[in-house]
Amino acid sequence: MSSLIKSSIARKVVMALSGLFLVLFLALHVTINLTSVISPDTFNQWSHFMGYNGLVQYIMQPVLIIGVIVHFVMGIVLEIKNTQARSIKYTKYKGAANAPWVSRNMIITGLVVLAFLGLHFYDFWVHEMTYKYIESNPEDPTRYYTETVEKFAPIWRTVLYIVSFGLLSLHLWHGFASSFQSMGLNNKYTPSIKSFTKIYAVVIPLVFVFIAIYHHLNPITH
Amino acid sequence: MKIYLKIWRQKDASSKGKIVDYTMNGVEGDMSFLEMLDILNEDLISKGEVPIEFDHDCREGICGTCSLQINGRPHGPDRLITVCQLHMRSFKDGDTIVIEPFRAKAFPVIKDLIVDRNAFERIQQAGGFISVNTSGRTVDANSIPIRKENADKAFNAAACIGCGACVAACKNASAMLFTSAKVSQFALLPQGRIEASERVQNMVRQMDLEGFGNCTNTGACEIECPKGISLENIARMNREYLGASIKG
């Protein structure tokens, strides 16, 4: 087992499993967010549940944060090791001739998504922690919709969200199906997994973008 | 044809190399790429200059010895061939061709365009074999029934000539296509199953020790492999490795 932990294949599997976990989380996240467009009351109910349920707060949230950290740290470790594996670069290297841009630049799309996560955590998670644990405000199940919509009032934040989800789409485009290959699954189902990956990589970020634009264009009037 | 060449020249393993410009006149489309280099070398020798060192042997695409990065791609612009099968008709008059050695930390340059690919040999020695008693009573391999599908896949994996194009093409200089082909060709056959667990663990361990990069599934290796070795083999190696490591 000790050799397994240090091996290149184990690193791939760690990237794949943490990535797949984050892919699943995206589906949950987008579903809850979409209710903010359909029904503000439902959005408030779900958000309040996610914010105060013990299982979500003390089990799922730490697991999610660990998942993000593991995926990010392992990605950086792999990038460093892979750069070291070719210490002298080619004078001419035609990477585009044999591999798509998205597959060769996961580190770029990944770092942009990570930077976005910093803004996203500041916007919502830090705000939530401050509200609940620093300011010790009472529970208010009706505040979430207003807080969310107000976040998208500035055009710069809406644009940043759109750009980030564009990059997330590219990251998913390669990463989702690739994780199955890393875990040793390449069989008759692979073409279907690749097709589903493309649909998922486009639809999920597109829904997030739609929600951001919708709230920007429909501000709350007091 | 007039061809402008930019070729990596490096005196020895410890010297610093550089790109040197050469101009070739009268290049025929029917010349093989290596013949074009032969003519350039004859010209250099006649001028009293040191000829360009490059690897070659069978010159018919089966030995895996020739190993040039041509215009940023291993074995040049055409698919499913080695450099020795590449012809000058793939280029046009006035083209500039950049020729470099395969680049990887695990493939150090020996001289000019020749790299040391013994890392592959060491991976093979770590497990790329089956232990068979050759006392004279060896069971004929053909007497064991094997599913056609498995036989075909094993044969396709065994087509790997160990040229190193997969490493050269990969942005991470990963050797997983090579190693997985060698793992697969045995893992798919009953004779290879007996040592399958030790084989995959030992070969992957050696691959990691050699300093190759990690596969990120770009698929560049599969595209550039002169023998069309499939990424399916990497998935199989991952499966074999995970299964063997977990079982202990």
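Model, not experiment: these values are computed from the prediction. (Residues numbered from 1 in each chain as written. Chains lettered and ligands numbered in written order. Predicted model: local features only at pLDDT ≥ 70, side-chain atom pairs only at ≥ 80, totals over all residues. Heavy atoms only, no water.)

**A closer look at the side chain of A:His71**
Piece 1. Mapping A:His71 onto the fold places it in helix α4 (residues 54–84).
Piece 2. Engagement of the side chain of A:His71 in a polar contact is seen with the side chain of A:Ser18, the distance being 2.9 Å. (Helix = DSSP H or I, 4+ residues; strand = E, 2+ residues; numbered from the N terminus. Polar contact = N/O pair within 3.5 Å; in protein donor to acceptor, adjacent residues only side chain to side chain.)

**Observations concerning the nonpolar core**
Piece 1. Grouped together as the largest cluster of nonpolar side chains are 65 residues, with contacts concentrated most on A:Ile9, B:Phe107, B:Phe120, B:Val167 and B:Phe212.
Piece 2. Looking at which domains feed residues into this core, each of domain 1 (3–111) and domain 2 (118–247) of chain B supplies at least three.
Piece 3. Other than its neighbours up to four places away in sequence, B:Val167 contacts A:Arg86, B:Ala104, B:Phe107, B:Phe120, B:Ala173, B:Ser174, B:Ala175 and B:Phe212. (Core = buried A, V, L, I, M, F, W, Y, C linked by side-chain atoms within 4.5 Å. Buried < 20%, exposed > 50% of the residue type's maximum accessible area, 1.4 Å probe, protein only. Domains from an automatic or database assignment. Contact = heavy atoms within 4.5 Å.)

**Focus on the pairing of strand β5 (residues 96–101) of chain B**
All names here are of chain B.
Piece 1. When you tally the buried positions in β5, you get five out of six residues, the bulk of the element.
Piece 2. Pairing geometry for strand β1 (residues 3–9) and β5, over four bridges, is parallel. For Lys6, the partnering residue across the bridge sits in β5 and is Val98.
Piece 3. When strand β3 (residues 68–70) meets β5, the two strands line up antiparallel, connected through three bridges. Residue pairing for β5: Ile70 is matched across the bridge by Ile99. (Pairing = 2+ DSSP bridges.)

**Describing the domain arrangement of chain B**
One frequently used descriptor of interface size is the decrease in accessible area upon assembly of the parts.
All names here are of chain B.
Piece 1. Along its sequence, chain B is organised into domain 1 (3–111) and domain 2 (118–247).
Piece 2. Computed over C-alpha atoms only, the centres of domain 1 and domain 2 are separated by 29 Å.
Piece 3. Counting from both sides, the interface comprises 19 residues of domain 1 and, opposite them, 20 residues of domain 2.
Piece 4. Summing both sides of the interface, domain 1 and domain 2 together bury roughly 1,500 Å²; the carbon and sulfur share of this comes to 60%. (Buried area = accessible area lost by both parts, 1.4 Å probe.)

**Comments concerning the interface of chain B and chain A**
Piece 1. Counting from both sides, the interface comprises 47 residues of chain B and, opposite them, 38 residues of chain A.
Piece 2. Here chain B and chain A share an interface that buries about 3,500 Å² over both sides, 51% of which is from carbon and sulfur atoms.
Piece 3. Sorting the residues of chain B by area buried against chain A places B:Lys171, B:Asn214 and B:Asn217 first, and these three jointly supply 18% of that buried surface.
Piece 4. There are zero salt bridges connecting chain B and chain A.
Piece 5. Linking chain B to chain A there are 26 residue pairs in polar contact (both at pLDDT 80 or more).
Piece 6. Sorting the residues of the side of chain B that touches chain A by element identifies β5, α4 (165–169), α7 (196–209), α8 (220–224) and α9 (232–247) of chain B as the ones contributing at least two each.
Piece 7. Counting residues per element, the side of chain B that touches chain A draws most heavily on α9(B), at ten residues. (Salt bridge = Lys/Arg side-chain N within 4 Å of Asp/Glu carboxyl O.)

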